[in-house]
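One letter stands for each residue in the lines below.
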Amino acid sequence: MGASATRGPRVYLGSMNRSEMLAEVRGERRAWDLVVIGGGATGLGIAVDSAVRGYRTLLLEQADFAKGTSSRSTKLVHGGVRYLQQGNVSLVFEALRERGLLIRNAPHLVKDLGFVVPNYDWWEGPFYGIGLKVYDMLAGRLGLGPSRLLSREETLERLPTLEPDGLRGGVIYYDAQFDDARLAIALARTAARAGGVLLNYARVERLIKKDGFICGLAVHDLENDEEIEVRARVVVNATGVFTDEVRRMDEPGAGRMIEPSQGVHLVLGPSFQPTDNAIMVPHTSDKRVLFAVPWNGRVVVGTTDTPVDDIALEPRARQDEIDYLLEHAARYLRRDPSPSDVLSVFAGLRPLVRAGDGRSTASISRDHSLFTSESGLVTITGGKWTTYRKMAQDTVDHAALVGGLEERPCRTETLELHGFWADPVNGPWSAYGSEATDLEQLAAERPELREPLHPDLPHRFAEVVWAARHEMARTVDDMLARRTRSLLLDARASIQAAPAVASLLATELGRDQAWADAQAASFTELARGYLLED
């Protein structure tokens, strides 16, 4: 377990218990300084920043933390090479700086990764080589390593399953990789540790106004079917693709701000890319970017960039998107993947800020945008995971002005996120960082919890108990899709694991077997959408 395995018992600072959080919300009669609607990357980042500054902070999420876009990314913390191609130097500079800060603040969840750009035309080596040197320069002292040209032999050594026909060489550069849903939970627990209150399965039904200004919200606690009114000095709308829905609670005639774009990813077995290097194709035939990234013992191939009109918590991949990824993966991999090779397919919606009447989302900026309505609703949207901290800083600075809060400086640049542990932690609990010892102790006390959820999954039953007790997991979906990444790693295996997970979760939450059976059935239906048809 590394150095952390020698530590003794600890106090669970930042542990989240939904009943306790709900009791605080029910019993609070004063106005919260800042209420955040939305429990994705942006909302959680705002909750952390606000709570750490000492503001009385409440976050409300209609489903589970990171249920939407924030658990469905390409798993990259990056500056964005394609944004450099588009000439958006300021976004790349900001993102590279934030990448460096995040690696420092959450080393248990973020690590550097080598990306190889294969060159099949004579001009690609010098062209991408020069561009990536600019990328290195923009990263400055927070860079992860210098880019360099690779010979054909070096490229195939790093990517032995790459298509060799016509290959001239490559360029290697360094970015970072992370586990998005686990980082979201680390943020939630960091906010709780700082005194913030967070409530999942709490849907905002309407905004409450006095003299034309927002002064509170009506919240539906979905678990208990109860409506609760909360007071707030300022409310922040951080709901991603649901931004316009909340804006229309404030202004029923508000125009459309979000132009959602769908990104689809296919998950393949490790044989398709058995090394620790990723493939990055910056310019496919239709000018999109393609990644093939090793992640948790699998290979994630993505992503598409498709304009969509339907906004859902469970977006589904379209057949043309699946065909596109299989076709382009076949162009760059020696072995062509077929539908039967796909372990899971997942889709996420990007909350892009609408620009004009165009329908091409690939060229829309990923900069974040901040707005305030006449009634004082602060809306933050756009952006990406990598820049969540800076988005939160800008939002809390602005919200404090709107709400008349005492001015307090941002403290998140050097804030160690929950689970921070400077020494590497190896073994089955590595994503838990400093809490690896605690999971090891739990498994030692109950040896049956050391067993894997399924032979084809890396996660263990101890994680179910841990998530129920400390991470506010309420459903089998919470457990298999986000607290562990089972659904994304292998949808079929997760379906087979669901009944046992449901029974253990029922025991921890005080539910009966009928609840467990219903949960397993509900998850099975959901998970079938992550499988390709045979």
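This text follows the structure it describes.
Note that this is a predicted model, so its numbers are computed, not measured.

Undergrad: Would you explain the pairing of strand β6 (residues 169-178) in this entry?
TA: Among the 10 residues of β6, nine are classified as buried, and the element is accordingly described as predominantly covered. In this sheet, β6 lies alongside strand β5 (residues 148-151) in antiparallel orientation, the contact comprising four bridges. Looking at the pairing, Leu149 lines up with Val171 of β6.

Undergrad: What should I look at first to understand the pairing of strand β17 (residues 368-372) in this one?
TA: The side chains of a regular strand alternate between the sheet's two faces. Sheet analysis places β17 next to strand β18 (residues 378-382), joined by five bridges and oriented antiparallel. By the bridge assignment for β18, Phe371 is matched with Thr379. From the end of β17 to the start of β18, which pair antiparallel, there are five residues, and Gly376 there has a positive phi angle of about 100°.

Undergrad: Is there a simple way to think about empty space enclosed by the protein in this case?
TA: Gaps left between atoms are located by rolling a probe of water-molecule size over the structure's atoms. The full count for this structure, using the stated rule, is seven cavities of 30 Å³ or more. If you add up the space inside the largest cavity, you get close to 80 Å³. Contributing to the lining of the largest cavity are His108, Leu109, Arg182, Ile185, Ala186, Arg189, His418, Gly419, Ala431, Tyr432, Glu435 and Glu471. For the lining of the largest cavity, the class distribution of residues is five nonpolar, three polar and four charged.

Undergrad: Could you clarify how one ought to interpret the packing of helix α11 (residues 436-445) against helix α12 (residues 461-470) in this entry?
TA: Axes are the key here: two packed helices are described by the angle between their axes and the distance separating the axes. Direction vectors running N to C along α11 and α12 enclose 115°, while the axes themselves pass 10 Å from each other. Here the hand of the crossing between α11 and α12 comes out right-handed. For the pair α11 and α12, contact is made by Asp438, Leu439 and Leu442 and by Ala462, Glu463, Val465, Trp466 and Arg469, respectively. Residues of the contact of α11 with α12, tallied by class, amount to five nonpolar, no polar and three charged.

Undergrad: What is the right way to read the environment of Ala317 from this model?
TA: Examined against the element boundaries, Ala317 turns out to sit in the loop between β15 (306-307) and α9 (319-332). Along the chain, Ala317 and Val116 lie 201 residues apart, while their C-alpha atoms are 27 Å from each other.

Undergrad: Could you clarify how one ought to interpret helix α13 (residues 476-483) in this entry?
TA: Side chains three or four residues apart in an α-helix point the same way, a direct result of the helix having 3.6 residues per turn. Where burial is concerned, most of α13 is hidden: eight out of the eight residues are buried. For α13, every residue scored as buried is listed here: Val476, Asp477, Asp478, Met479, Leu480, Ala481, Arg482 and Arg483. Considering only its buried residues, α13 is in contact with α7 (180-193), α12, α14 (486-489), α15 (491-509) and α16 (513-527).

Undergrad: Would you mind going over helix α8 (residues 243-250) with me for this structure?
TA: Three or more residues of α8 are buried, namely Thr243, Asp244, Val246, Arg247 and Asp250. In a view along the axis of α8, the buried residues occupy a sector of 160°, so they form one face of it. Of the surrounding secondary structure, the elements contacted by the buried residues of α8 are β1 (32-37), β8 (202-210), β9 (213-221), β10 (226-237), β11 (258-268) and β18.

Undergrad: Before we go on, may I ask you to explain the packing of aromatic side chains in this structure?
TA: Geometrically, a pair of aromatic rings is defined through the distance of the ring centres and the angle of the planes. All chains considered together, the criterion is met by nine aromatic pairs. Relative to Tyr173, the ring of Phe115 has its centre 5.4 Å away and its plane inclined at 25°; by these criteria the two rings are stacked. Taken together, the residues Phe115 in strand β4 (residues 110-119) and Tyr173 in strand β6 connect sequence positions 58 residues apart. Where Trp385 meets Tyr388, the ring centres are 5.8 Å apart and the plane angle is 75°; that geometry is what we call edge-to-face.

Undergrad: Just to check I follow, could you spell out the packing of α13 against α15 for this structure?
TA: For the pair α13 and α15, interaxial distance at closest approach is 9 Å and the crossing angle is 125°. Between α13 and α15, the angle is such that the two are oblique. Two packed elements cross with a definite hand, and for α13 against α15 that hand is right-handed. Of α15, the residues touching α13 (which contributes Val476, Met479 and Leu480) are Ser494, Ala498, Val501, Ala502 and Leu505. Taken together, the residues that form the contact of α13 with α15 break down as seven nonpolar, one polar and no charged.

Undergrad: Looking at this structure, I do not really get the nonpolar core. What am I missing?
TA: Ranked by internal contacts, the top residues of the largest apolar core, which has 68 residues, are Ile46, Val110, Leu183, Leu198 and Leu217. Setting aside chain neighbours within four positions, we find Leu217 in contact with Val35, Ile37, Val204, Arg206, Leu207, Ile208, Ile228, Glu229, Val230, Ala232 and Val235. Judged by nonpolar contacts, the second largest core, of 47 residues, contains Trp295, Leu453, Val464 and Ala493.

Undergrad: Which parts of the structure should I look at to understand the side chain of Lys75?
TA: Structurally, Lys75 is set in the loop between β2 (57-60) and β3 (76-77). Overall, the relative accessible area of 0% leaves Lys75 in the buried class. One polar contact links the side chain of Lys75 to the main-chain carbonyl oxygen of Ser71, over a distance of 2.9 Å.

Undergrad: I keep staring at the environment of His328 and nothing clicks. Help me out?
TA: With respect to the helices and strands, the residue His328 is situated in helix α9. Between the C-alpha atom of His328 and that of Thr284, which follows or precedes it by 44 residues, the distance is 8.0 Å. Apart from residues lying up to four places away in sequence, His328 is in contact with Thr284, Ser285 and Leu290.

Undergrad: Can you help me understand the pattern of salt bridges in this one?
TA: If the charged atoms of two oppositely charged side chains come close together, the side chains can form a pair. Tallied over the entire structure, the rule returns 45 salt bridges. In this structure, Arg72 engages Glu314 in a salt bridge whose closest nitrogen and oxygen atoms are separated by 3.0 Å. Of this pair, Arg72 sits in the loop between β2 and β3 while Glu314 sits in the loop between β15 and α9, and the two are 242 residues apart along the sequence. Here Arg72 matches Glu314 in class, with each residue buried. Of the charged contacts, one joins Glu435 and Arg189 as a salt bridge, the two residues approaching to 3.0 Å between their closest N and O atoms.

Undergrad: Looking at this structure, I do not really get the side chain of Asp490. What am I missing?
TA: When you line up the elements, Asp490 lands in the loop between α14 and α15. Buried charge without a partner: Asp490 forms no salt bridge, and the closest opposite charge is Arg298, 4.4 Å away. Beyond its immediate stretch of four places on either side in the chain, Asp490 contacts Arg298, Leu343, Asp456 and Leu457.

Undergrad: Where do I start with unusual backbone geometry in this structure?
TA: Trans is the prevailing form of peptide bonds, just as negative phi is the prevailing case for residues other than glycine. Here the amide bond leading from Gly302 into Thr303 is cis, since omega sits at 5°, within 30 degrees of zero. Its location among the elements puts Thr303 in the loop between β14 (298-302) and β15. Despite not being glycine, Lys75 has its phi angle at roughly 70°, a positive value. For Asp211, which is not glycine, the phi dihedral falls at a positive 55°. The class of Asp211 is exposed, set by a relative accessible area of 70%.

Basis of the calculations
Note on numbering: residues in each chain are counted from 1, in written sequence order. With pLDDT at 70 or above as the cut-off, local features in this predicted model cover only qualifying residues; side-chain atom pairs require 80 or more to be listed or tallied, and sums for whole chains, interfaces and linings still use all residues. Note that water and hydrogens are dropped before the side-chain values are worked out from all heavy atoms of the structure. Each residue gets one of three labels from its accessible area relative to the maximum for its type: buried under 20%, exposed over 50%, partly exposed in between, using a 1.4 Å probe on protein chains only. In DSSP terms, a helix is any run of H or I states spanning at least four residues, a strand is any run of E spanning at least two, and both are numbered starting from the N terminus. Being paired, for any two strands, means DSSP has found at least two bridges between them. Using a grid of 1 Å spacing that covers the protein atoms alone, one calls a set of points a cavity when a 1.4 Å probe fits there but cannot get out, and a pocket when the set is open and has protein on both sides within 12 Å along at least five of seven lines; lining residues are those with an atom within 4 Å of a point. Grid points are joined across faces, edges and corners, and a volume is the space filled by probe spheres set on the points. Any residue outside Ala, Val, Leu, Ile, Met, Phe, Trp, Tyr, Cys, Pro, Asp, Glu, Lys and Arg is labelled polar, Gly included; the first ten of those are nonpolar and the last four are charged. Every axis corresponds to a line fitted to the C-alpha atoms, with the helix fit spanning only the stretch in contact, and the corresponding angles, defined between N-to-C directions, vary from 0 to 180 degrees. By convention, the crossing between two helices is left-handed when the near helix turns anticlockwise from the far helix through less than a right angle, and right-handed when the turn is clockwise. By definition, residues are in contact when any of their heavy atoms lie within 4.5 Å. Directions drawn from the helix axis to the C-beta atoms are what define this arc. Within 6.5 Å between ring centres, the rings of Phe, Tyr and Trp (the latter by its six-membered ring) count as paired, and their orientation is classed by plane angle as stacked under 30 degrees, edge-to-face over 60, tilted in between. Each angle gets one of four labels, with under 35 degrees taken as roughly parallel, over 145 as roughly antiparallel, 65 to 115 as roughly perpendicular, and the rest as oblique. We define the nonpolar core as a collection of buried residues of types Ala, Val, Leu, Ile, Met, Phe, Trp, Tyr and Cys that are connected through side-chain atoms lying within 4.5 Å of one another. Under the rule applied, a polar contact is a pair of N or O atoms within 3.5 Å (in protein, one hydrogen donor and one hydrogen acceptor; residues adjacent in sequence only if both atoms are side-chain atoms). In the sections that follow, a salt bridge refers to a side-chain nitrogen of Lys or Arg positioned within 4 Å of a carboxyl oxygen of Asp or Glu. When charges are counted, Lys and Arg contribute as positive and Asp and Glu as negative, whereas His and the chain ends are disregarded.

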